[in-house]
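Tertiary structure, described
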Amino acid sequence: MNSALPSSAPASSATASPVPALSSFRRVVVKVGSALLVDSTRGRLRHAWLAALAEDIGALHREGKEVLVVSSGAIALGRNVLGLPRRPLKLEESQAAAGVGQIALARAWSEALAHEGVTAGQILVTLGDTEERRRYLNARSTIAKLLELKAVPVINENDTVATAEIRYGDNDRLAARVAGMASADLLVLLSDIDGLYTAPPNEDPNAAFLPVVPRITAEIEAMAGGAGTELSRGGMKTKIEAGKIATTAGAHMVIASGKVKNPLRAIEQGARCTWFLAPANPVASRKRWIAGALEPRGVLHLDAGAVAALRRGNSLLPAGVTRVDGSFQRGDAVLLRGPDGAEIGRGLVAYDHDYAERLRGRSSDEIATITGFEGRAAMVHRDDLVLGGG
Ligand code: GLU
């Protein structure tokens, strides 16, 4: 799938691996930093820049790509409105600033995307929503539903309730987690720098630009300095950490300058940027994780009709489950066995054991009556399923 784009990087890139084209991706997370979106001297939103970025997002959307935005800027906008001093803010001050700024930020995104005919849906997450399984699954299905409904999720950390111990603090790593959570295949970090250099370019005249990082090694990590700019928390260090998270989850990552107008179009047209390549695509890496890394907590026995439906690529519905063994919770890995007892695959189950037991053999229409809530139609969704076990 990786069609090579001519690299605009220096001669050293002649031997580098080919970089993918933006158009070859299916689901793209675009992370926008505060320093781009908010004018640091006046603390105002850069509307014209945002409108141009929304144009790029609209264009991707019209091509059938799914786009998610992770946008910073709440604190930077709110601190100005509240007239807070220009020193590092105390925790309660940034929480208050975020409370004020997030409203403006969400509105700006909603209007800019609406201008392109695209609906925005705000999601505010905390560290717990991306780390703790139940909440992770909930955030993930809201994102999936918004994408299915052709909306663009606009995500930020819920800074109003996040305290020092339980917050990301920087949106680079948050965006990488979101990329993993949404099984995105690309994360674009729009930054005030156009990519990774062997040393900080403003300090070292011999600093060389790196167009492609095939793998994040200790040497690459050492190239990332420390500090960020005044408004954004993440420097190159958090970007490299984001690269590790994203590529491990199967998403490529690209760091590109957001200082130009229409920054996504610029990437497409070959602007200088650094690509961090993922070893496998997100679906493959998620499936590998389900297949290998998780200890199954139970067994679902299926009838022949369900086995055939799974082999045709469908999800597992409660109707096809004949017996439920083990003790598992929603989101746990379970083994799937056919009528003869042979393992036919593994998957992440959408219901706790007790509900699975009550739902087995029943039609999906009956789920709400049996459980008392609108549950998921599938016992194991096809994205959470790997066939071909044992
Ligand atoms: N979540 C913070 C905000 O919206 C920004 C964090 C960051 O700069 O990475 O203000």
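Structural notes, computed from the coordinates.

Calculation notes
Residues numbered from 1 in each chain as written. Predicted model: local features only at pLDDT ≥ 70, side-chain atom pairs only at ≥ 80, totals over all residues. Heavy atoms only, no water. Buried < 20%, exposed > 50% of the residue type's maximum accessible area, 1.4 Å probe, protein only. Helix = DSSP H or I, 4+ residues; strand = E, 2+ residues; numbered from the N terminus. Pairing = 2+ DSSP bridges. Salt bridge = Lys/Arg side-chain N within 4 Å of Asp/Glu carboxyl O. Expected span 1.5 Å × (residues − 1). Phe/Tyr/Trp six-rings, centres within 6.5 Å; stacked < 30°, edge-to-face > 60°. Polar contact = N/O pair within 3.5 Å; in protein donor to acceptor, adjacent residues only side chain to side chain. Axes fitted to C-alpha atoms, helices over the stretch in contact; angles between N-to-C directions. Parallel < 35°, antiparallel > 145°, perpendicular 65-115°, else oblique. Contact = heavy atoms within 4.5 Å. Nonpolar A, V, L, I, M, F, W, Y, C, P; charged D, E, K, R; others polar.

1. As for the pairing of strand β16 (residues 343–348)
A regular strand places its side chains on the two faces of the sheet in alternate fashion. Where burial is concerned, most of β16 is hidden: five out of the six residues are buried. The pairing of strand β15 (residues 333–337) with β16 spans five bridges and is antiparallel. Opposite Leu-335, over in β16, you have Arg-346 as the bridge partner. Between β15 and β16, which follow one another and run antiparallel, lie five residues, and Gly-341 among them has a positive phi close to 90 degrees. Here β16 pairs with strand β17 (residues 385–387) via three bridges, running antiparallel. Bridged to Gly-347 within β17 is Leu-385.

2. Observations regarding the pattern of salt bridges
Between side chains of opposite charge, pairing is possible as soon as their charged atoms come close. Per the counting criterion, the structure on display carries 19 salt bridges. With its nearest N and O atoms 3.2 Å apart, the salt bridge here joins Lys-239 to Asp-172. Pair noted here: Lys-239 is in helix α9 (residues 236–248) and Asp-172 is in helix α7 (residues 171–181), with a separation of 67 residues, a long-range link. Of the two residues, Lys-239 and Asp-172, both sit in the buried class. The salt bridge partner of Arg-272 is Asp-194, with a shortest N-O separation of 3.5 Å. Linking Arg-272 in the loop between α10 (263–268) and β12 (273–276) with Asp-194 in the loop between β7 (186–191) and β8 (196–197), this pair joins segments that are 78 residues apart in sequence. A residue is classified by how much of its surface remains accessible, and Arg-272, at 31% relative accessible area, is partly exposed. Several salt bridges share partner residues, and in doing so they unite Lys-31, Asp-172 and Lys-239 into one network.

3. Here we look at helix α2 (residues 47–62)
With 16 residues, α2 should reach 22 Å at 1.5 Å per residue; the first-to-last C-alpha distance of 22 Å fits that figure. Buried residues of α2: Trp-49, Leu-50, Ala-52, Leu-53, Ala-54, Asp-56, Ile-57, Gly-58, Leu-60 and His-61, and no others. Residue Gly-64 follows α2 closely and has a positive phi angle near 90 degrees.

4. Some remarks on the packing of aromatic side chains
To describe a pair of aromatic rings, one takes the distance between the centres and the angle between the planes. A complete count under the given rule lists three aromatic pairs for this structure. Both rings, one in Phe-25 and one in Trp-275, keep their centres 6.0 Å apart while their planes meet at 15 degrees; by these two values the pair is stacked. One end of the pair, Phe-25, is in the segment before β1 (27–32); the other, Trp-275, is in strand β12, and 250 residues separate them in sequence. This pair shows no difference in class: Phe-25 is buried, exactly as Trp-275 is. Ring geometry for Tyr-355 against Phe-373: centres 5.2 Å apart, planes inclined by 90 degrees, an arrangement best described as edge-to-face. With Tyr-355 in helix α13 (residues 353–359) and Phe-373 in the loop between α14 (367–371) and β17, this pair connects stretches of sequence that are 18 residues apart. On the basis of relative accessible area, Tyr-355 is assigned to the partly exposed category, the value being 25%.

5. Things to note about α7
Of all 11 residues in α7, eight are buried, a share of seventy percent or more. Along α7, the residues classified as buried are Asn-171, Asp-172, Leu-174, Ala-175, Ala-176, Val-178, Ala-179 and Met-181. For α7, the N-terminal cap is Asp-170; the gap from its side-chain oxygen to the backbone nitrogen of Asp-172 is 3.1 Å. Phi turns positive one or two residues past the end of α7, at Ser-183, with a value near 50 degrees.

6. A closer look at the packing of helix α3 (residues 74–81) against helix α4 (residues 91–114)
For the pair α3 and α4, the least separation of the axes is 6 Å and the interaxial angle reads 105 degrees. Judged by the inter-axis angle, α3 sits roughly perpendicular to α4. On α4, the residues touching Ala-74, Ile-75, Leu-77, Gly-78, Arg-79 and Val-81 of α3 are Ser-94, Ala-97, Ala-98, Val-100, Gly-101, Gln-102, Ala-104 and Leu-105. Among the residues forming the contact of α3 with α4, the class breakdown is nine nonpolar, four polar and one charged.

7. Here we look at the pairing of strand β11 (residues 252–257)
A large share of β11 lies buried, amounting to six of its six residues. The alternating pattern of β11 places His-252, Val-254 and Ala-256 and Met-253, Ile-255 and Ser-257 on opposite faces, both of which are buried. Across six bridges, the pairing between β7 and β11 is parallel. Residue pairing in the sheet places Leu-186 in a bridge with His-252 of β11. Here β11 runs beside β12; their pairing, made up of four bridges, is antiparallel.

8. With respect to the sheet that holds β16
Pairing is mixed across the open sheet formed by five strands, whose spatial order is β14-β13-β15-β16-β17. Looking along the sheet, the strands with just one partner apiece sit at the ends: β14 (321–326) and β17. Averaged over all adjacent pairs, the angle separating strand axes in this sheet is 20 degrees, with direction ignored. The sheet contacts of helix α12 (residues 304–311) involve β13 (298–302), β15, β16 and β17, and relative to β13 the element is tilted by about 100 degrees.

What is shown is where atoms sit, not what they do.
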